[in-house]
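Structural features, examined
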Amino acid sequence: MKCRVCGEPAVISLKAYSTALCAPHFISFLEKRTLNTINKYRLIENGEKPIVAVSGGKDSLSVWFMLNKLGYAADGVYINLGIENYSDISFAKIEKMADLLMKKVYSFDIKRLSDKGIDGLAKILKRVPCSACGMIKRYVMNRVCIEYGYTTLVTGHNIDDEASALFGNVLYWKEEYLGKKNVVLEARHGHLSKKVKPFFLCSERDIAAYAILNNIDYIREECPFSVGAKTLIYKDMLNRLEQLSPGTKIQFVKGYLKSFIKNRQEDIKNTENFCSKCGYPTYGSICNMCRVLERLNIGEGHICFDEYDPSVLDTTERLMT
Ligand code: Q46
Ligand code: ZN
Ligand code: ZN
């Protein structure tokens, strides 16, 4: 197998494009594709200040690395879920990348809320961990953007994430979610940051290859709560379809964006209120996060952030941490 561009041995084949590429040409292919996505969908425009939601996994660390390489100076934001043998390792990978990029990371420790990790907190709230986690992440990440002046929250979602979430929503006709998913969600009312997904046309496999070829040190383990998740089953099914018919996932997601989204955006705008306690967007009168704070009997002061800033550490300090 030879690289289609230079004829050197290829390291990856891209079936959806009927091509194979060597390491340097694959890296530049993925970077160009991402840059085209950013420009075509106006994900990050002149004057915007992006921040990347980082988890320590391949997708978020790769998008953080790539954006900075492409000239988009982006800091990071991390939610420490307090999961033993997972959260600390994840944060160590994030710090390492922050040092390399010389970028700041804001982190929110979930133990600030109840002294417990996500599973303990979820039990108190009578929710499953992923539902509590999703709600807290959405709230906290949006709040970091607004409080620290970032205009655009970047996530590492890829085509496999998008296609599997869409598949699940269609399968159970979850109309309340259909139409809300998009490659870009615009900022609103000064209380909701813009949210973008520069990797939404890149596959998980391509991003893993990009991370490995760039020596990005990411956490290989998945979050323990993802085991048995339906989205993993959908991903597997869609991968099988993709093998039989390359390009299926891209068509599925692009088709949704073209035909479904336009009709739904107006409905969404009309159903949004502001929380009477914290002022952030909600669909009821009080947002879910404020309900959690009430339930735990704690105040808004518990939503605060730690900052890791490699540019203020001297070299010795950095080497010791
Ligand atoms: S939702 Fe669930 Fe993920 Fe949160 S608790 Fe882990 S698996 S990290 S995207
Ligand atoms: Zn080549
Ligand atoms: Zn609120």
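Structure: above.
For the structure given in this document, a descriptive report is provided here.

Procedures and definitions
Residues numbered from 1 in each chain as written. Chains lettered and ligands numbered in written order. Predicted model: local features only at pLDDT ≥ 70, side-chain atom pairs only at ≥ 80, totals over all residues. Heavy atoms only, no water. Axes fitted to C-alpha atoms, helices over the stretch in contact; angles between N-to-C directions. Helix = DSSP H or I, 4+ residues; strand = E, 2+ residues; numbered from the N terminus. Parallel < 35°, antiparallel > 145°, perpendicular 65-115°, else oblique. Contact = heavy atoms within 4.5 Å. Nonpolar A, V, L, I, M, F, W, Y, C, P; charged D, E, K, R; others polar. Expected span 1.5 Å × (residues − 1). Buried < 20%, exposed > 50% of the residue type's maximum accessible area, 1.4 Å probe, protein only. Polar contact = N/O pair within 3.5 Å; in protein donor to acceptor, adjacent residues only side chain to side chain. Pairing = 2+ DSSP bridges. Right-handed = clockwise from strand over helix to strand, strands pointing away.

Further remarks concern the packing of helix α5 (residues 118–125) against helix α12 (residues 288–296). Where α5 meets α12, the axes come as close as 11 Å, and the angle between the chain directions of the two elements is 85°. As the angle between them shows, α5 and α12 are arranged roughly perpendicular. On the side of α5, the interface is formed by Leu121, Ile124 and Leu125, while α12 contributes Val292, Arg295 and Leu296. For the contact of α5 with α12, the residue count by class is 5 nonpolar, no polar and 1 charged.

Let us look at helix α7 (residues 159–171). For α7, which comprises 13 residues, the first-to-last C-alpha distance of 18 Å matches the rise-based estimate of 18 Å (1.5 Å per residue) to within 8%. Among the 13 residues in α7, 10 count as buried, and that is most of the element. For α7, the complete set of buried residues consists of Ile159, Asp160, Asp161, Glu162, Ala163, Ser164, Ala165, Leu166, Gly168 and Asn169. On its buried side, α7 packs onto α8 (204–213), α9 (230–244) and α10 (248–259). Sitting at the amino-terminal end of α7 is Asn158, which places a side-chain oxygen 2.9 Å from the backbone nitrogen of Asp160. At the C-terminal side of α7, Trp173 shows a positive phi close to 45°.

Our focus in this paragraph is the pairing of strand β5 (residues 105–109). Summarising burial for β5: 4 of the 5 residues are buried, a large majority. Here strand β4 (residues 75–80) pairs with β5 via 5 bridges, running parallel. Directly across from Tyr78, in β5, lies its bridge partner Ser107. The parallel pair β4 and β5 is bridged by helix α3 (residues 87–101), and the resulting crossover is right-handed. Of the pairings in the sheet, the one linking β5 to strand β11 (residues 306–308) comprises 3 bridges and is antiparallel in character. Its bridge partner lying in β11, Ser107 is registered against Asp306.

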